[in-house]
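# Remarks on the overall topology
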Amino acid sequence: MYPVERSSARLELRELVSDDVDALLAIYGSAKATEHLSFDPRTRDQVEQIVTRSIAAATATPRTEYALAVIEQETAELIGFGRLAIDPHQQRGATMGFALRPASWGVGYGLETVKLLLDAAFDGLNLHRVWGARSPLNTASARTMEAAGMVEEGTIREHVLKAGKWRDSVVHAILDREWDAAR
């Protein structure tokens, strides 16, 4: 599926472009935005490499990664990032992740982003199962995934090494039939 284009009342998902580096740096370079993510803040060079790899991956055959910009329709600004990665260890399955710039938190954009990603996964890619992992301390992400119909499945112990310390991850997942029932 290329290009990915999905929209909701306030947001749009689209493919990344090279001009997105600085806007993405506002998320990936922010200590606040990456506090609960699996990595420390990135440099501009690292973000530029991520964007370059993501643009190349978008037209790969077969496509296994969908790295997408989250755009606020009213302002046309990039306010977030969403990702689907086909899971090579499960048939018709993918992992999901998302991050928003802190100035966009608390107004429901996370839920809209997750729903757009799930729509792309189930209706666009015909997947069976999508799962995502979060920091145990990220209760906002837990509420967001649950509101989208995802079910908390369990904890992966000491799954992430961040800032020199091991951290657990809590897994949430949704099946295609659950997505159909939740809409």
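Since this is a predicted model, take the numbers as computed values, not measurements. (Residues numbered from 1 in each chain as written. Predicted model: local features only at pLDDT ≥ 70, side-chain atom pairs only at ≥ 80, totals over all residues. Heavy atoms only, no water.)

## Considering the pairing of strand 5 (residues 93-100)
With 7 of its 8 residues buried, strand 5 lies for the most part within the structure. Note: strand 4 (residues 77-86) against strand 5, 7 bridges, orientation antiparallel. What sits directly across from Ala 85, in strand 5, is Thr 95. The antiparallel hairpin formed by strand 4 and strand 5 contains 6 residues in its connecting segment, where Arg 92 sits at a positive phi of about 50°. Both strand 5 and strand 6 (residues 129-134) contribute to a ladder of 3 bridges, which runs parallel. In the sheet register, Ala 94 faces strand 6, and the bridge partner there is Val 130. (Buried < 20%, exposed > 50% of the residue type's maximum accessible area, 1.4 Å probe, protein only. Helix = DSSP H or I, 4+ residues; strand = E, 2+ residues; numbered from the N terminus. Pairing = 2+ DSSP bridges.)

## Side note on the nonpolar core
The biggest cluster of nonpolar side chains holds 28 residues, and the ones touching the most others in it are Leu 84, Met 96, Leu 118 and Val 130. Looking at this core, the elements that each hand over two or more residues are strand 2 (11-15), strand 3 (65-72), strand 4, strand 5 and helix 3 (109-124). Ranked by residue count, the leading element in this core is helix 3, at 8 residues. In this structure Met 96 touches Arg 83, Leu 84, Val 114, Leu 117, Leu 118, Val 130, Trp 131, Gly 132, Met 145 and Met 150, once residues within four positions along its chain are discounted. By size, the runner-up hydrophobic cluster in this structure holds 17 residues, among which are Ala 33, Phe 39, Ile 71 and Leu 78. (Core = buried A, V, L, I, M, F, W, Y, C linked by side-chain atoms within 4.5 Å. Contact = heavy atoms within 4.5 Å.)

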